[in-house]
Amino acid sequence: EVRLVESGGGLVQSGRSLRLSCAASGFTFDDYAMHWVRQAPGKGLEWVSGINWNTANIAYADSVKGRFTISRDNAKNSLYLQINSLRAEDTALYYCVKDFSSGNLDVWGQGTTVTVSS
Amino acid sequence: QSALTQPPSASGSPGQSVTISCTGTISDVGGYNYVSWYQQHPCKAPKLMIYEVNKRPSGVPDRFSGSKSGNTASLTVSGLQTDDEADYYCSSYTGFNAVVFGGGTKLTVL
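All residue numbers refer to position in the chain's written sequence, counted from 1. Chains and ligands are labelled sequentially in the order written, the chains with letters from A and the ligands with numbers from 1. For a predicted model such as this one, the threshold for reporting local features is a pLDDT of at least 70, and the threshold for listing and counting side-chain atom pairs is 80 or more; totals across whole chains, interfaces and linings nevertheless cover every residue. Values shown for side chains rest on all heavy atoms present in the structure; no hydrogens or waters enter the calculation.

Undergrad: I keep staring at the overall build of chain B and nothing clicks. Help me out?
TA: Note on conventions: DSSP H or I runs of at least 4 residues are helices, E runs of at least 2 residues are strands, and numbering of each starts at the N terminus. Within chain B one finds zero helices and nine strands. Along chain B, from the amino end to the carboxyl end, the secondary structure elements read β-β-β-β-β-β-β-β-β. Taken against the 2.2 N^0.38 rule, which gives 13 Å for 110 residues, the C-alpha radius of gyration of chain B at 13 Å falls within 12% of a compact globule. Per-residue burial over chain B gives 48% buried out of 110 residues. In what follows, residue pairs with any heavy atoms lying within 4.5 Å of each other are defined as contacts. If you take every contact in chain B between residues at least 6 apart in sequence, the share linking residues at least 24 apart comes to 56%. Roughly 5,000 Å² of accessible area belongs to chain B as shown, and the carbon and sulfur atoms make up 48% of that amount. Taken over C-alpha atoms, the radius of gyration is set against a globule rule of 2.2 Å times the number of residues to the power 0.38. Only protein chains enter the accessibility calculation, which uses a 1.4 Å probe; a residue whose area is less than 20% of its type maximum is buried, one above 50% is exposed, and one in between is partly exposed. Per-residue and other accessible areas were derived by the Shrake-Rupley procedure at a 1.4 Å probe size, with only the shown protein chains allowed to occlude residues.

If you want it as structure tokens, here you go:
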């Protein structure tokens, strides 16, 4: 079974840092690009960041550029998102998502919740 | 990186058809045939319904179809069923592992 399991979310004070992790199973992880997508409470989906299989191509949404860092460890079948200088507007459910080709997002995790308090 | 434009709501009666639009620019929808549509039920993760403008993943009913003309993509749901009531999001690839989503459309089955 193809599966993505996120972890690392929680309640964090504004200005602090957090590292989200995503464990992948059931597919050949290093064959695919991966993304983080977030959804603020009651709002729509917002693409956050994407990384190709060998980390040669990395992209960020303008809203997180300079504060978020995406990375992956193919040996551990894992995707990460380092979030620095957290802001209230970063409060959201963060999904780890598999990209089977050019932005076609076919497998989604259940998400991990990040809540930023002031 | 402006979000794609979708109508906030759409509705139809069981058995009817409804079409949801998704408007972007030449930098996203108009420039790539990598438009996808996702269905999201409350408190659930999104589900891929259409990819590469008009292709359906295995298991998605053929009542769901996609198309594109210029900078606007569309999702049509025919033979509406109560379980189709959900939020629908379009997305487009914008190159170099970047994606942009639409604001979402709440589909109500009356």
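The discussion continues.
Undergrad: Any chance you could explain the state of the cysteines here in plain terms?
TA: Here a disulfide denotes a covalent bond joining the sulfur atom of one cysteine to the sulfur atom of another. Note on terminology: pairs of cysteine sulfur atoms within 2.5 Å are recorded as disulfides. One pass over the full model with this rule turns up two disulfides over all chains. What pairs with Cys22(A) in a disulfide is Cys96(A), and their sulfur atoms sit 2.0 Å apart. On the sign convention where negative is left-handed, the bridge of Cys22(A) and Cys96(A), at about -70° about the S-S bond, is left-handed. A residue pair is termed long-range when its members are at least 10 positions apart, and Cys22(A) in strand β3 (residues 18-25) and Cys96(A) in strand β9 (residues 92-101) qualify at 74 residues. Judged by its relative accessible area of 1%, Cys22(A) is buried. Disulfide partner of Cys22(B): Cys90(B), at an S-S distance of 2.0 Å. For the disulfide bridge between Cys22(B) and Cys90(B), the dihedral angle about the S-S bond is near 75°, and by the sign convention the bridge is right-handed. Here Cys22(B), found in strand β2 (residues 18-23), pairs with Cys90(B), found in strand β7 (residues 86-95); they are 68 residues apart in sequence, far enough to count as distant. Residue Cys22(B) is classed as buried on the basis of its relative accessible area, which comes to 0%.

Undergrad: What am I meant to see in the side chain of Glu52(B) here?
TA: Examined against the element boundaries, Glu52(B) turns out to sit in the loop between β4 (47-50) and β5 (64-69). The buried category is assigned to Glu52(B), whose relative accessible area is 17%. Within polar-contact distance, the side chain of Glu52(B) engages the side chain of Lys55(B) at 2.6 Å. Glu52(B) has contacts with Ser101(A), Asn104(A), Asn33(B), Tyr34(B), Val35(B) and Ser36(B), leaving out every residue within four places of it along the chain. Pairs of N or O atoms within 3.5 Å make up the polar contacts considered here, provided that, within protein, one atom can donate a hydrogen while the other can accept it, and that residues adjacent in sequence are counted only when both atoms are side-chain atoms.

Undergrad: Would you mind showing me how to read the interface of chain B and chain A here?
TA: Many descriptions give the size of an interface as the accessible area lost when the pieces come together. Contact residues are listed per partner, giving 21 residues for chain B and 28 residues for chain A. In total, about 1,900 Å² of surface goes out of reach between chain B and chain A, with carbon and sulfur atoms giving 56% of it. It is Gln1(B), Asn97(B) and Phe101(B) that lose the most area in chain B upon contact with chain A, and together they represent 33% of the buried surface on that side. Take a side-chain nitrogen of Lys or Arg and a carboxyl oxygen of Asp or Glu: if they are within 4 Å of each other, that pair is a salt bridge. Counting across the interface, chain B meets chain A through zero salt bridges. The interface formed by chain B and chain A holds eight residue pairs in polar contact (both at pLDDT 80 or more) in total. Breaking the side of chain B that touches chain A down by element, the ones donating at least two residues are β3 (35-40), β7 and β8 (98-101) of chain B. The nonpolar class holds Ala, Val, Leu, Ile, Met, Phe, Trp, Tyr, Cys and Pro. Asp, Glu, Lys and Arg form the charged class, and all remaining residues, Gly among them, are polar. Among the residues forming the side of chain B that touches chain A, the class breakdown is twelve nonpolar, seven polar and two charged. Buried area is a sum: the accessible area each of two parts loses on coming together, probed at 1.4 Å, counted once for each and added.

Undergrad: What should I look at first to understand the packing of aromatic side chains in this one?
TA: Given two aromatic rings, one states the distance between the centres and the angle between the planes to describe the pair. Planes of paired rings set the category: under 30 degrees apart is stacked, over 60 is edge-to-face and the rest tilted, where pairs are Phe, Tyr or Trp rings (Trp by its six-membered ring) whose centres lie within 6.5 Å. On inspection of all chains with the given rule, the structure shows ten aromatic pairs over all chains. Consider the rings of Phe27(A) and Tyr32(A), whose centres lie 5.9 Å apart with planes at 70°: the pair is edge-to-face. Owing to a relative accessible area of 14%, Phe27(A) belongs among the buried residues under this scheme. Classification of Tyr32(A) as partly exposed rests on a relative accessible area of 24%. Considering the side-chain rings of Tyr95(A) and Trp108(A), the 5.5 Å spacing of their centres and the 80° angle between planes classify their relative orientation as edge-to-face. Here Trp108(A) lies in strand β10 (residues 104-108) and Tyr95(A) lies in strand β9, a separation of 13 residues in the sequence. By relative accessible area, Trp108(A) is classed as buried at 9%. Grouped by ring-pair contacts, the aromatic residues Tyr95(A), Trp108(A), Tyr38(B) and Phe101(B) constitute a single cluster. Criterion for a charge above a ring: Arg CZ or Lys NZ at most 6 Å from the ring centre, at most 35 degrees from the ring normal. Above the ring of Tyr80(A), the side-chain terminus of Arg19(A) is found at 3.9 Å from the ring centroid. The lysine or arginine in question, Arg72(A), covers the ring of Phe29(A), its NZ or CZ lying 4.3 Å from the ring centre.

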